[in-house]
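Survey of secondary and tertiary structure
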Amino acid sequence: MEKTLVIIKPDGVARGLMGEIISRLERRGIRMIGMKFVQVSQDMAEQHYAVHKERPFYPALIEYITSGPVVLMAWEGNKVIEAVRQSVGATNPTQAAPGSIRGDFGIDIGRNLIHASDSPENGVAEVGLWFAADEIVSWERVGESWVYEG
Ligand code: IDP
Ligand code: MG
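Residues numbered from 1 in each chain as written. Chains lettered and ligands numbered in written order. Predicted model: local features only at pLDDT ≥ 70, side-chain atom pairs only at ≥ 80, totals over all residues. Heavy atoms only, no water.

Bringing the site of ligand 1 into the picture now. Neighbouring ligand 1 are the residues Lys9, Tyr49, His52, Phe57, Leu61, Tyr64, Arg85, Thr91, Arg102, Ile109 and Asn112. Contact between ligand 1 and Lys9: an oxygen atom at 2.9 Å from a side-chain N or O atom of the residue. Looking at side-chain class alone, the shell around ligand 1 contains 5 nonpolar, 3 polar and 3 charged residues. (Near = heavy atom within 4 Å. Polar contact = N/O pair within 3.5 Å; in protein donor to acceptor, adjacent residues only side chain to side chain. Nonpolar A, V, L, I, M, F, W, Y, C, P; charged D, E, K, R; others polar.)

Our focus in this paragraph is the layout of surface pockets. One number sums up the size of the largest pocket: a volume of about 630 Å³. Lining the largest pocket we find 26 residues, and of these Tyr49, His52, Phe57, Leu61 and Thr91 sit closest to its centre. Elements that contribute at least two residues to the lining of the largest pocket include exactly helix H4 (58-65), strand E4 (114-116) and helix H7 (120-130). Tallied by class, the residues present in the lining of the largest pocket amount to 10 nonpolar, 8 polar and 8 charged. Roughly 180 Å³ of internal volume is contained in the second largest pocket. Arg28, Ile30, Asn78, Lys79, Glu82, Ala83, Val147 and Tyr148 are the residues that line the second largest pocket. Of the residues that constitute the lining of the second largest pocket, the class distribution is 4 nonpolar, 1 polar and 3 charged. (1 Å grid on protein atoms, 1.4 Å probe; cavity = no way out; pocket = protein on both sides within 12 Å on 5 of 7 lines; lining within 4 Å. Points joined across faces, edges and corners; volume = space filled by probe spheres on them. Helix = DSSP H or I, 4+ residues; strand = E, 2+ residues; numbered from the N terminus.)

This brings us to the pattern of salt bridges. Applying the stated criterion across every chain yields a total of 6 salt bridges. The residue Arg31 makes a salt bridge to Glu76 at a minimum N-O spacing of 2.8 Å. Of the two residues, Arg31 is situated in strand E2 (residues 31-38) and Glu76 in strand E3 (residues 70-77); the sequence distance between them amounts to 45 residues. One exposure class covers both Arg31 and Glu76, and it is buried. In this structure, Lys36 and Glu135 form a salt bridge, with 2.7 Å as the shortest nitrogen-oxygen distance. Residue Lys36 is found in strand E2, and its partner Glu135 is found in the segment after H7; the two are separated by 99 residues along the sequence. For Lys36, a relative accessible area of 23% puts it in the partly exposed group. Linked through salt bridges whose partners overlap, the residues forming this network are Lys3, Arg31, Glu76 and Glu144. (Salt bridge = Lys/Arg side-chain N within 4 Å of Asp/Glu carboxyl O. Buried < 20%, exposed > 50% of the residue type's maximum accessible area, 1.4 Å probe, protein only.)

Mapped onto the elements, Glu126 comes out in helix H7. No salt bridge is formed by the buried Glu126. Its closest oppositely charged neighbour is Arg85, at 7.6 Å. A distance of 2.9 Å separates polar atoms of two side chains, one belonging to Glu126 and the other to His115. When near neighbours in sequence (up to four residues on either side) are disregarded, Glu126 contacts Leu5, His48, His115 and Ser117. (Lys, Arg positive; Asp, Glu negative; His and termini not counted. Contact = heavy atoms within 4.5 Å.)

Residues Val80, Ile81, Ala83, Val84, Ser87 and Val88 constitute the buried set of helix H5 (residues 80-88). Taken together, the buried residues of H5 touch strand E1 (2-8), helix H2 (18-28), E3, helix H6 (101-105), E4 and H7. Gly89 lies just past H5 and shows a positive phi near 90°.

Backbone-to-backbone hydrogen bonds join strands into a sheet, with any given pair of strands oriented parallel or antiparallel. Taken together, 4 strands build an open sheet; the order of strands is E2-E3-E1-E4 and the sheet is antiparallel. Only two strands of the sheet have a single neighbouring strand rather than two, namely E2 and E4. Neighbour to neighbour, the strand axes of the sheet diverge by 15° on average, direction disregarded. Note that E1 and E3 share 7 bridges and pair antiparallel. Among the inter-strand pairings, Glu2 is bridged to a residue of E3, identified as Gly77. In the packing of H5 onto the sheet, contacts are made with E1, E3 and E4, and the angle to E1 comes to roughly 25°. (Pairing = 2+ DSSP bridges. Axes fitted to C-alpha atoms, helices over the stretch in contact; angles between N-to-C directions.)

As structure tokens, then:
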């Protein structure tokens, strides 16, 4: 089963969209397995976005993700990477589909509200970066057979 790391970025928290965003993912039928509210350190920001280190927007991105508290979440389920990326929408909010989180609430690419892992490998790596093993909860939601055929 896949895991994905989702971050409600500082703008999502500051704009009061935590509940809305969590609710959308919860209603998709996937299973939350970890959640915490933190101020991201410079060091963790740099580790999380290491892949973007050479990009021109990198300094602004580190500034953005450390600019206020965030919600860190781990979610699990079959096809959870693809499903959450779809619910999140395209990186640039004005190109994100209406009905997606970025498409409904965002305008600027540098204020796009939310992060979600982009591959099963990165999902495992990012959940491992942000969560200790004892912060991950193993459980089953009632009615998962109404979300997944088998
Ligand atoms: P993703 O969040 O949709 O996976 P990535 O390409 O991995 O998008 O970029 C990581 C984050 O860096 C984006 O979510 C956004 O916050 C920021 N970012 C990406 N491209 C730009 C840009 O061209 N200008 C400003 N910020 C950007
Ligand atoms: Mg990405």
